[in-house]
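# Tertiary structure, described
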Amino acid sequence: MADSVLKTESVKKVIGKRTIVSDISLELYRGEIFGFLGPNGAGKTTTIKMIVGLSKITEGRIYVGGCSVREDFKGAMKNIGCIVENPDLYKYMSGLDNLRLFAKMYPGVSEERIREVVKIVDLEHAINDKVKTYSLGMKQRLGIAQALLHSPKLLVLDEPTNGLDPAGIKEMRELLRDLAEKTGLTVFVSSHILAEMQQMCDRVGIINKGRLITVKTVGELVGMAEEKTALQLETDDNSKANSILREKGFSCELLADGLHVAAERESIPVLVRELTLGGVGLYAMDRSNSRSLEDVFMKLTEPAKEGK
Amino acid sequence: MKSFLTLISIENSKMWKRTSTKVMFFIMIFLVLAASCLLRYYQYYKNVDVHATPSVSATWKAEVQQEAQGLKAQIKQIENGKDNESQRSVLGSLKKSLAEDEYRLANNIAEAKPNSIWTKVSDFSQSGSYGALIALLLIIACAASVAGEFSEGTIKMAISRPYYRREILSAKLIVSLLYGLELLVTVFVVQSAIFAAFYGLPGIGAKEMMWTTGKIVYIPAVLKALCLYGLDFLTVIFYTVLAFTLSAITRSRSIATGFSLFMLLLGSSLAQMAAVFFTWAKYFPFTMTGFSSVVTKGVVLEGTTLPMALLVSGIYTVVIAALGYVVFQKRDI
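Source: prediction; values computed, not measured. (Residues numbered from 1 in each chain as written. Chains lettered and ligands numbered in written order. Predicted model: local features only at pLDDT ≥ 70, side-chain atom pairs only at ≥ 80, totals over all residues. Heavy atoms only, no water.)

With 155 residues, the main nonpolar core has A:Val52, A:Ile62, A:Val64, A:Ile80, A:Leu154 and A:Phe188 as its most contacted residues. In terms of residue count, helix α9 (residues 165-199) of chain B provides more of this core than any other element does, 16 residues in total. Core analysis: the second largest hydrophobic core is formed by 14 residues, A:Leu245, A:Cys252, A:Val261 and A:Ala263 among them. (Core = buried A, V, L, I, M, F, W, Y, C linked by side-chain atoms within 4.5 Å. Buried < 20%, exposed > 50% of the residue type's maximum accessible area, 1.4 Å probe, protein only. Helix = DSSP H or I, 4+ residues; strand = E, 2+ residues; numbered from the N terminus.)

Residue and element names in this part refer to chain A. What the four strands build is an open sheet, ordered β2-β1-β4-β5; its pairing is antiparallel. Taken across any chain shown, the strands that pair with only one partner, and hence form the sheet edges, are β2 (18-29) and β5 (67-68). In terms of strand pairing, strand β1 (residues 4-15) meets β2 through eight bridges, oriented antiparallel. Paired with Thr8 across the two strands is Leu26, which belongs to β2. (Pairing = 2+ DSSP bridges.)

Residues and elements named next belong to chain B. One number sums up the size of the largest pocket: a volume of about 720 Å³. As for the largest pocket, its lining consists of 36 residues, of which Ser268, Gly290, Phe291, Ser292 and Ser293 are closest to the centre. Of all the elements in the fold, those that place two or more residues in the lining of the largest pocket are α6 (117-127), α7 (130-152), α10 (221-250), α11 (253-277) and α12 (291-297). Among the elements that line the lining of the largest pocket, the one with the most residues is α12, at six residues. Looking at side-chain class alone, the lining of the largest pocket contains 14 nonpolar, 20 polar and two charged residues. (1 Å grid on protein atoms, 1.4 Å probe; cavity = no way out; pocket = protein on both sides within 12 Å on 5 of 7 lines; lining within 4 Å. Points joined across faces, edges and corners; volume = space filled by probe spheres on them. Nonpolar A, V, L, I, M, F, W, Y, C, P; charged D, E, K, R; others polar.)

Glancing now at the packing of helix α2 (residues 19-45) of chain B against α9(B). Residue and element names in this part refer to chain B. Axis separation between α2 and α9 bottoms out at 10 Å; the angle between their running directions is 25°. Between α2 and α9, the angle falls in the class roughly parallel. Pair α2 / α9 crosses with right-handed handedness. Contacts between α2 and α9 involve Thr21, Met24, Phe25, Met28, Ile29, Val32, Leu33, Ser36, Cys37, Leu39, Arg40 and Gln43 from the first element and Tyr179, Glu182, Leu183, Thr186, Val187, Val190, Gln191, Ile194, Phe195, Phe198 and Tyr199 from the second. Among the residues forming the contact of α2 with α9, the class breakdown is 16 nonpolar, five polar and two charged. (Axes fitted to C-alpha atoms, helices over the stretch in contact; angles between N-to-C directions. Parallel < 35°, antiparallel > 145°, perpendicular 65-115°, else oblique. Left-handed = near helix turned anticlockwise from the far one by under 90°. Contact = heavy atoms within 4.5 Å.)

Residues and elements named next belong to chain A. Spatially, the six strands line up as an open sheet ordered β6-β7-β8-β3-β9-β10, and their pairing is mixed. Every interior strand has two partners, whereas the edge strands, β6 (80-83) and β10 (211-217), have only one. Adjacent strand axes in the sheet meet at a mean angle of 15°, parallel and antiparallel pairs treated alike. In the packing of helix α5 (residues 136-148) onto the sheet, contacts are made with β6 and β7 (154-158), and the angle to β6 comes to roughly 165°. Contacts between helix α6 (residues 166-183) and the sheet are confined to β3 (33-37), β7 and β8 (186-191), with β3 contributing the most and set at about 135° to the helix.

Below, the discussion takes up the interface of chain B and chain A. Contact residues are listed per partner, giving 28 residues for chain B and 28 residues for chain A. Summing both partners gives a buried area of about 2700 Å² for chain B against chain A, and 58% of it is carried by carbon and sulfur. Taken as a group, B:Met157, B:Arg161 and B:Pro162 account for 25% of the area that chain B buries against chain A, more than any other trio of residues on that side. In this assembly, chain B and chain A are joined by five salt bridges. In this structure, A:Lys74 engages B:Glu167 in a salt bridge whose closest nitrogen and oxygen atoms are separated by 3.2 Å. (Buried area = accessible area lost by both parts, 1.4 Å probe. Salt bridge = Lys/Arg side-chain N within 4 Å of Asp/Glu carboxyl O.)

What follows covers the confidence of the model for chain A. All names here are of chain A. Across chain A, pLDDT averages 88, with 94% of residues at or above 70. When the elements of chain A are averaged for pLDDT, helix α11 (residues 289-301) gives the smallest value, 68, and helix α3 (residues 95-104) the largest, 96. Contacts for the low-pLDDT stretch residues 304-308, under 50 throughout, to residues beyond four places or in other chains number four contacts. (pLDDT = per-residue confidence, 0-100.)

Following this line, the structure appears as structure tokens:
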């Protein structure tokens, strides 16, 4: 497909006797932000290293912008900008010198473009200082700057929000969304933090124990979470409310902070009616969504433990 | 090709931006100047007349003839002796002296060494082991360039680019060797300049004998100086490639630097000691790397010549380099 920016076909990585990842098949399209989600040790960094040429692909193929990483390495790498693990840059040089060095590696990156990229990542005030004086957030931003210099089609980021403060995370999220929308940049970002993925990404691929469990849009994932909602009720008689709802077939749990009820969206009006009919006064009803999304994630990544 | 030249320019900028590169460069210049000044001060202190032309005795021919006879006898005695391995290591030096004496007699050359500024430069550079010093600095620079990028983590930034790994590695090696060439040229120029300041420019066009382990050649002293510096550069290349490969394989600056340094300083003598007792040991990698000392002092290992030393070391250099490339290209980073 013309718009396919990254395609992996049954990619497998074996080191010695251990299979680190197997059967990873993905396809990313122009202008989308794709989240690669999984617990620590799932194989995210290993997969990313194979995409950008740092690790050898044991089996399978990877295509970037139509070029095979194995057969047309130079063609593939021209289209990629990446940060793998930490953004390690030359500490003894200034940020600007670092960028100039990387700019030389690609034809047609002018001094103007370097300035432009510095502006995009908001490092104008510190760009002439030596990188060893930079904070982690500044290094991350310089890392993104060097990745964007040659206007690649694909940006590959390995846990880019590690060590960033909430403001930094928000800035990066907005920057990436902006670039994806305005320039059609495709972003492949890995993380183990659900909340961030939910806010930043269009689609999410979940990986665990080296296998790709599922690929869904964020909407679909949230939808799965909302199937069963966890409600937290505060009433004037929680134990009475508990017995009423249990009788009606709701799954309830009486805890110190209130009555926890698992209910589908459609049955919530029924729940409220039953409580009122039973003479129970309702003070507050809270929905905890983020806990549900975590449940979805946990559920999706659990079965793999039993070995597939 | 243009992109490869770009890579070289990039690696060169990286190298010169490191403080250690600049510091080592100035240390080398400082050492040359300091050592030369010390020599001059010593001569001043001992009231040596440095501008006097050394006199040649009227009976030099007879003296040289006598010396030659003595050397021939010694050589014959040692060659015919049995179980005298340690004595045999002197043979190379004796043969050189004999060849020099015979050449002088045959060509009527009165002075053993000309009073030339170039001779002073070569002799001082050789006794000061400038070659070894430069090899030392280059080992450090090369390890920093290759292994250093692994420990700093910046190797990821270098590899995930539209270049083959072998291109990146070659650029690093070439830039290190270029640094070595820059050091050598600078040292030669500085040494010549300061000696010219102290001693004037005696015997600029003078000729000097040079032993090539087979025969004597009579060449302009400046050419001999350049040859010796050139041979030193070849030695430097050998140890730089060693550091290069060790860096690529171990990714550790300390191991690469330490081991290469050890081999530079002791490897030669250790290997030569072994070779004195086991003749086949002369084909080990480190036994014949001191090319310039073979010219100035004669061979240590019986049966070796300068061309042989160059060939064997050359083959080892290529093999060691190839090993470095293969490991670097195969491994995951």
